[in-house]
Amino acid sequence: MTDHALLLVNLGSPASTSVADVRRYLNQFLMDPYVIDLPWPVRRLLVSLILVKRPEQSAHAYASIWWDEGSPLVVLTRRLQQAMTAHWPHGPVEIAMRYGQPALPEVLERLAAQGVRKVTLAPLYPQFADSTVTTVVELARQTIAARNLPLETRVLQPFYEHPEYIDALVASARPHLEQGYDHLLLSFHGLPERHLKKLDPTGTHDFQAADCCAGASAEMRAVCYRGQCLATAKAFAAKMGIPDGKWSVSFQSRLGRAKWIEPYTETRLDELAEAGVKKLLVMCPAFVADCIETLEEIGMRGSEQFVEAGGEQLVLVPCLNDHPEWVRVLAGMCEKV
């Protein structure tokens, strides 16, 4: 049977490190109403202002981490795709990007033209957010409807505390943690607080609680990004046997002046250095593949900041990428969708 495809979807990347390509990518990304959830005229004005200087700055950042084969995110996602083919006997394994290439709508159309009739859609995001999972699912749905594609889709749900996903995190991170360290910082991608507030039916979300949404309804836990990040971190620390006080959580990649969920990674880096931490390990479990947010933001700028604040060494623990245990676990989760 070859009519059931597996489609791995990641965020995306500029086509190159040129300012023009980065501007084009940022425009597509930031104009997504699930990313900047403001009315179109306001969003267009804001993004136009951002695109005055940001593309040149981002192009420099991308150039600092770009590989000979291309964007690390795309290269690593393709490696995952190649590894997954041995675990998916039902049909082709393809990748798509929400922004940039290969574009999700074109990949869906190509699969339909090849005779595929079922697609297991796997957004490669452990935790739920409208700006990651929802935008992928909605674009797929809109594309299938608008182009009248004969595709039935199944969607891999967020797997932030799936026991085998936690096992894969442990397997990939263990060699780095066994080298010794003073503190482990689990840095997740940040979100504006309003993204979480609008999904809270109770209107009582506490952005400071250490057990965020742990006692909330299943409906609320399913959409609480902060709570899911904390759940991932706690499950990992417990499985790895890391004592309380030797690990903490933070949120990175703020954009604009809106209030984002805290604590901020850049603040924690200074605090940990000032508290006497010399060797800091940083994991980024919101990402399954290394990208500009891990390699440049943490591995380069974060490391420089930590040392300037008094630390001695920041070690970036690689993402899951194409680790064999992650490949096995992802294949198993997709099989059960």
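Computed from a predicted structure; not experimentally measured.

Peer 1: What is the right way to look at the overall build of the chain in this model?
Peer 2: Tallying secondary structure elements over the chain gives 12 helices and eight strands in all. Over its C-alpha trace the chain gives a radius of gyration of 20 Å, about what one expects of a compact globule, namely 20 Å for 337 residues. The principal-axis extents of the C-alpha atoms in the chain amount to approximately 60 × 50 × 45 Å. Looking at the chain alone, contacts between residues at least 24 apart form 76% of all its contacts between residues at least 6 apart. Total accessible area computed for the chain in this model is approximately 14,900 Å², and 52% of it derives from carbon and sulfur atoms. Both charge centroids of the chain, one from 33 positive and one from 39 negative side chains, sit 4 Å from each other.

Peer 1: I tried to follow the layout of surface pockets on my own but got confused; where do I start?
Peer 2: Empty space among the atoms becomes visible once a probe the size of a water molecule is rolled across them. Taken as a whole, the second largest pocket encloses approximately 270 Å³ of empty space. Looking at the lining of the second largest pocket, the elements that each hand over two or more residues are helix 1 (19–30) and helix 3 (72–84). No other element matches the four residues that helix 1 contributes to the lining of the second largest pocket. Partitioning the lining of the second largest pocket into residue classes produces six nonpolar, six polar and four charged.

Peer 1: Where do I start with the nonpolar core in this structure?
Peer 2: One recurring pattern in soluble globular proteins is that nonpolar side chains are buried together. The biggest cluster of nonpolar side chains holds 75 residues, and the ones touching the most others in it are Leu8, Leu177, Leu184, Tyr225, Phe236, Trp326 and Leu330. Look past the residues within four positions of Trp326 in its chain and what remains in contact with it is Leu80, Phe159, Tyr165, Ala168, Val288, Leu320, Asn321 and Met333.

Peer 1: Is there a simple way to think about the packing of aromatic side chains in this case?
Peer 2: To describe a pair of aromatic rings, you give the distance between the ring centres and the angle between the ring planes. With the rule as written, the count across this model stands at seven aromatic pairs. When the ring of Tyr62 is compared with that of Trp66, the centres are 6.1 Å apart and the planes differ by 80°; the resulting orientation is edge-to-face. Here Trp66 falls in the partly exposed class, since its relative accessible area comes to 23%. Between the aromatic rings of Tyr165 and Trp326, the centroid separation amounts to 6.3 Å while the plane-to-plane angle is 70°, which identifies the pairing as edge-to-face.

Peer 1: How should I be thinking about the side chain of Asp32 in this particular structure?
Peer 2: Mapped onto the secondary structure, Asp32 falls in the loop between helix 1 and helix 2 (40–65). Polar contacts involving the side chain of Asp32 include one to the main-chain amide nitrogen of Tyr34, which spans 2.9 Å. For Asp32, the side chain forms a polar contact with the side chain of Arg98, separated by 3.3 Å. With near-sequence residues (within four places) excluded, Asp32 lies in contact with Arg43, Arg98, Tyr99 and Thr135.

Peer 1: Is there a simple way to explain the pattern of salt bridges in this structure?
Peer 2: Opposite charge on two side chains allows them to pair when their charged atoms are near. The full count for this structure, using the stated rule, is 18 salt bridges. The closest approach of N and O atoms between Glu106 and Arg147, which form a salt bridge, is 3.2 Å. Taken as a pair, Glu106 in helix 4 (residues 104–113) and Arg147 in the loop between helix 5 (130–146) and strand 4 (152–155) lie far apart in primary sequence, 41 residues in all. Looking at Arg147, the relative accessible area reads 34%, which means it is partly exposed. Close ionic contact of Glu152 with Arg154 constitutes a salt bridge, the shortest N to O distance being 3.6 Å. We classify Arg154 as partly exposed; its relative accessible area is 28%. Linked through salt bridges whose partners overlap, the residues forming this network are Asp37, Arg194 and Lys198.

Peer 1: It is not clear to me how the UniProt feature "binding site: Fe(2+)" (unreviewed entry) in the chain should be interpreted in this structure. Could you clarify?
Peer 2: When the UniProt feature table is mapped onto this chain numbering, "binding site: Fe(2+)" (unreviewed entry) sits at His189 and Glu293. A maximum C-alpha distance of 8.2 Å is found for the annotated residues, which run over 105 residues; spatially they form one tight group. Checked against the element boundaries, His189 lands in strand 5 (residues 183–189). Within the secondary structure, Glu293 sits in helix 11 (residues 292–308). Look at Glu293 and you get buried, because its relative accessible area is 17%. The residues touching Glu293, leaving out its near neighbours within four places in the chain, are His189, Gln252, Ser253, Phe287 and Ile298.

Peer 1: Would you mind going over the pairing of strand 2 (residues 93–99) with me for this structure?
Peer 2: Each regular strand displays side chains that alternate between the two surfaces of the sheet. Summarising burial for strand 2: seven of the seven residues are buried, a large majority. As defined by bridge partners, strand 1 (residues 4–12) adjoins strand 2 across six bridges and the pair is classed as parallel. Pairing of Leu6 across the sheet is with Val93, part of strand 2.

Peer 1: Even after reading the chapter, I still don't get the sheet that holds strand 5, so can you show me in this structure?
Peer 2: Picture the strands of a sheet paired through backbone hydrogen bonds; they go either parallel or antiparallel. Spatial ordering of the open sheet is given by 6-5-7-8, a layout of four strands whose pairing is parallel. A strand with exactly one partner marks an edge of an open sheet, and here the two such strands are strand 6 (247–252) and strand 8 (313–316). Ignoring which end each strand starts from, the neighbouring axes of this sheet average 30° apart. Here strand 7 (residues 279–283) runs beside strand 8; their pairing, made up of four bridges, is parallel. Its bridge partner lying in strand 8, Lys279 is registered against Gln313. Strands in contact with helix 10 (residues 265–274) are strand 5, strand 6, strand 7 and strand 8; relative to strand 5, the strand with the most contacts, it is inclined by about 170°.

Cut-offs applied
- Residues numbered from 1 in each chain as written.
- Predicted model: local features only at pLDDT ≥ 70, side-chain atom pairs only at ≥ 80, totals over all residues.
- Heavy atoms only, no water.
- Helix = DSSP H or I, 4+ residues; strand = E, 2+ residues; numbered from the N terminus.
- Rg over C-alpha atoms; globule rule 2.2 N^0.38 Å.
- Contact = heavy atoms within 4.5 Å.
- Areas by Shrake-Rupley, 256 points an atom, 1.4 Å probe, with all protein chains shown as cover.
- Lys, Arg positive; Asp, Glu negative; His and termini not counted.
- Charge placed at Lys NZ, Arg CZ, Asp CG, Glu CD.
- 1 Å grid on protein atoms, 1.4 Å probe; cavity = no way out; pocket = protein on both sides within 12 Å on 5 of 7 lines; lining within 4 Å.
- Points joined across faces, edges and corners; volume = space filled by probe spheres on them.
- Nonpolar A, V, L, I, M, F, W, Y, C, P; charged D, E, K, R; others polar.
- Core = buried A, V, L, I, M, F, W, Y, C linked by side-chain atoms within 4.5 Å.
- Buried < 20%, exposed > 50% of the residue type's maximum accessible area, 1.4 Å probe, protein only.
- Phe/Tyr/Trp six-rings, centres within 6.5 Å; stacked < 30°, edge-to-face > 60°.
- Polar contact = N/O pair within 3.5 Å; in protein donor to acceptor, adjacent residues only side chain to side chain.
- Salt bridge = Lys/Arg side-chain N within 4 Å of Asp/Glu carboxyl O.
- UniProt positions renumbered as here; feature names shortened; annotations may be inferred.
- Pairing = 2+ DSSP bridges.
- Axes fitted to C-alpha atoms, helices over the stretch in contact; angles between N-to-C directions.

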